[in-house]
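What follows is the residue order along each chain.
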Amino acid sequence: MQHIFAFFCTSFLGAVLGVNFPSNIQIGGLFPTQQSQEHAAFMSALSQFTEPPKLSPQIDIVNISDSFEMTYTFCSQFSKGVYAIFGFYERRTVNMLTSFCGALHLCFITPSFPVDTSNQFVLQLRPELQDALISVIEYHKCQKFMYIYDADRGLSVLQKVLDTAAEKNWQVTAVNVMTTTEEDYKSLFQNLEKKKERVVVVDCETDRLNAILNKIVKLGKNGVGYHFILATLGFMDIDLSKFRNSGANVTGFQLVNETDTIPARIMQQWKNNDAREHPHVDWKGPKVRFEGLTGNVQFDEKGHRTNYTLHVMEMKHDKNRKIGYWNEDEKFVPTAVDQQGANETTNLQNRTYIVTTILEAPYVMQKKSYEQLEGNDRYEGYCVELAAEIAKHVGYQYRLQIVSDGKYGARDPETKLWNGMVGELVYGNADVAVAPLTITLVREEVIDFSKPFMSLGISIMIKKPQKSKPGVFSFLDPLAYEIWMCIVFAYIGVSVVLFLVSRFSPYEWHNEELEEGRDQPANDQTNEFGIFNSLWFSLGAFMQQGCDISPRSLSGRIVGGVWWFFTLIIISSYTANLAAFLTVERMVSPIESAEDLAKQTEISYGTLDAGSTKEFFRRSKIAVFEKMWTYMKSAEPSVFVPTTEEGMKRVRRSKGKYAYLLESTMNEYIEQRKPCDTMKVGGNLDSKGYGIATPKGSLLRNPVNLAVLKLNEQGLLDKLKNKWWYDKGECGSGGGDSKDKTSALSLSNVAGVFYILIGGLGLAMLVALIEFCYKSRSESKRMKGFCLIPQQSINEAIRTSTLPRASAAGTSSGENGRVVSHDFPKTMQEIPCMGHSSGMSLGATGL
């Protein structure tokens, strides 16, 4: 492009200076090297300009980046009486040149990068690019990109981009490659993945731009999903042959429209080294306007190009095409219609796509006859069938490929490189990822996802706790401890109230029934409801067994009625809950939620080492999850596991001392597998989904997305989940979701009842023994009291008694030969013993 600018500039300058000027005009030239194309074009144009006035060149070869050398050369040419200087500048010398031109009123014509200056003596042939670049970035909806710039060109474009980024919340990473070494280039493009930037804007001169593009090809960063925007005006002059078959999208700008007649004629003249025909120039005061190689050439009062048009070009799918144009009035106007979409179905059928996935039950598993099978037939599972259904709906051939590192995909915090299935897509090693790959923000920035084919959330897996052994008094569990205490107090209170009511009520007092043989009723009245009978009545009513006594008074019956109602409700409630408590085996979980995990340190917990669950805790701003992340990242030994299977094994080996955080779908599946010793506790910590992933800009994105939506509407996704989760479960229909399991009663469930029975019988025997001993002791004391009666009292009692007369035989005989005893006073008949000291015998007394 430099030789075109130089050729155009020289032609324009000769035409302008041909009006009212001396016959010999000195024209200065400042070039970096004598072998440059710009120098050759400048000399060729001056030599072929034969019309008066004569243009005499004053050429100096100078280091345009050396301010001292540029100052000396500029002053030297000014002293020679040059009318204008054609040359170049760099960032270090641009301010010096513009100030000299303004002070000396010397015209300086340059094709170098435009600068923001109001010096009318500096004519900048190159149009400004920043506005057009920003329009293209907005058109492609680039929210995050890397901006590689050359500081020698100035920072005006970068400053404009950064200002716009601040307004539109773009994330821009600016990189200066002016002094970049070979190793720096390698590190620079490796950091593309670290910073999640697949869009790269390169703002450099052509030589350095070609070098950067070669490095991109060498490092393999020109694959599908990359988008390079080249901030250059000669897109057609850049060698993009190595990008044509790589799949990368390259966008740039073209100032010269080679299909127009004027550029074609001028280029032919350049090849023939004939430049006698130059464009017609309209001289209108301080402004110049004509049609040239770059279209309409016009300058404003500040010496900047105005009213120009830039053609926006794009290389995509092995060809270059014009996708639009940009001008100051209309801004960016897209003109191309993407015809590629019309042929997507045809193109999809022309190749076999690589579908990356991961071995994770039940999504992808190896068949038992894995070694005897080939291709996709070696695998089975949810995602295997899902990939087949998607391929059938989209219409393409595919080959399943297990990810080499066995990871889902995360960005390494040190190397900033993606691993796992995400890395396979990012680096162009796979075309589709059909796996339990969670849709996250960081992944969405580097790959594209379809609509979710499964919804889920993070859940907690723990080892299923041992079933709680029923206690000896488990039959008391249906009612709380407080209720039992209240029942005891109510029992005592009702008994006391019944006792008091019976004592105060006159209707509870009654005469005793006549005893057999008694002539007259007793005068004493009795009350059946003593304190012990009241307690017995209340206990019989509570046990629903009744009692042999009942209240006679209205007040006593009121007490009995309310007590019966109370016992009816209590016993009914107890009976209703007793069956559930005795026939259901319960498991006591040590934790029930994430809050329980965060509050304790006895049970450790962790996640998959490279996955979305770990990223969730790393980025979470919720206090509980932040606390959990702080613990997990500092725990020793590490609580992170390389695979889900390893996490499951660690849970089972830990004896309840390790909890694993994973997706709820996988948790539910493991819970259904033998040995059925894991369980899910609490609710999901978040809500997310699994999606089919494709590289950025892939042709498969839209067809795959439509296929997922269609399968969801047909109900096939739910059918597949039921098939691989529950239909093939190994833990029964209830699975592991239920913590309680109904079973028959065992002796341990009702052992307490037997203990109470045995205890009651033993207590009864003990009380009976105590009563017997007490009664025997009492009777013994009473009998000893009678034996101590004086002998005189006994003799007197005998003499005063009336004895029957003796029979004729001298003996008394009863009926049927029975011996009839004499009638003695009652007091004498009850004497239990006789003292030997009395000297009386039974024969002597006739007793």
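Residues numbered from 1 in each chain as written. Predicted model: local features only at pLDDT ≥ 70, side-chain atom pairs only at ≥ 80, totals over all residues. Heavy atoms only, no water.

### Focus on the pattern of salt bridges
Here is the rule: Every case where a carboxyl oxygen of Asp or Glu lies within 4 Å of a side-chain nitrogen of Lys or Arg is listed as a salt bridge. The helix and strand labels rest on DSSP assignments: H or I over at least four residues marks a helix, E over at least two residues marks a strand, and numbering proceeds from the N terminus.
Enumeration according to the criterion identifies 23 salt bridges in this entry. We note a salt bridge from R652 to D677, for which the minimum N-O separation is 2.8 Å. Of the two residues, R652 sits in helix α20 (residues 644-653) while D677 sits in the loop between α21 (664-671) and β30 (678-681), which places them 25 residues apart along the sequence.

### Focus: the packing of aromatic side chains
As a reminder of what qualifies: Two rings belonging to Phe, Tyr or Trp (six-membered ring only in the last case) form a pair when the distance between their centres is within 6.5 Å. Interplanar angles under 30 degrees mark stacking, angles over 60 mark edge-to-face geometry, and anything in between is tilted. Each residue is assigned to one of three classes by its accessible area relative to the maximum for its type, calculated with a 1.4 Å probe on protein chains only: buried under 20%, partly exposed between the two thresholds, exposed over 50%.
For the coordinates displayed, the defined rule picks out 28 aromatic pairs. Consider the rings of Y308 and W326, whose centres lie 6.1 Å apart with planes at 40°: the pair is tilted. With Y308 in the loop between β13 (295-298) and β14 (309-315) and W326 in strand β15 (residues 320-327), the pair connects residues that are 18 residues apart, well separated along the chain. Residue Y308 is classed as buried on the basis of its relative accessible area of 4%.

### A short note on the sheet that holds strand β8 (residues 199-203)
We apply this condition: The pairing criterion is simple: DSSP has to find at least two bridges between the two strands. Axis geometry follows a simple rule: fit a line to the C-alpha atoms, using only the stretch in contact for helices, then measure angles between N-to-C directions, giving values from 0 to 180 degrees.
Sheet architecture is open: eight strands sit in the order β7-β6-β8-β9-β10-β14-β15-β16, paired in mixed fashion. Unpaired on one side and paired on the other, β7 (171-176) and β16 (331-334) mark the two borders of the sheet. Each strand of the sheet is rotated relative to its neighbour by a mean of 25°, with strand direction disregarded. Strand direction decides the pairing type here: strand β9 (residues 227-230) and strand β10 (residues 249-254), joined by three bridges, are parallel. Its bridge partner lying in β10, H227 is registered against N249.

### Quick look at the pairing of β8
A regular strand places its side chains on the two faces of the sheet in alternate fashion. The element β8 is largely enclosed, with a buried count of five among its five residues. Where burial is concerned, the two faces of β8 agree: the one with V199, V201 and D203 and the one with V200 and V202 are both buried. As paired strands, strand β6 (residues 144-149) and β8 are joined by four bridges and run parallel to one another. Bridge assignment links M146 to a residue of β8, and that residue is V200. Where β8 lies against β9, four bridges are found, and the strand directions are parallel. Bridge pairing in β9 links V201 to I229.

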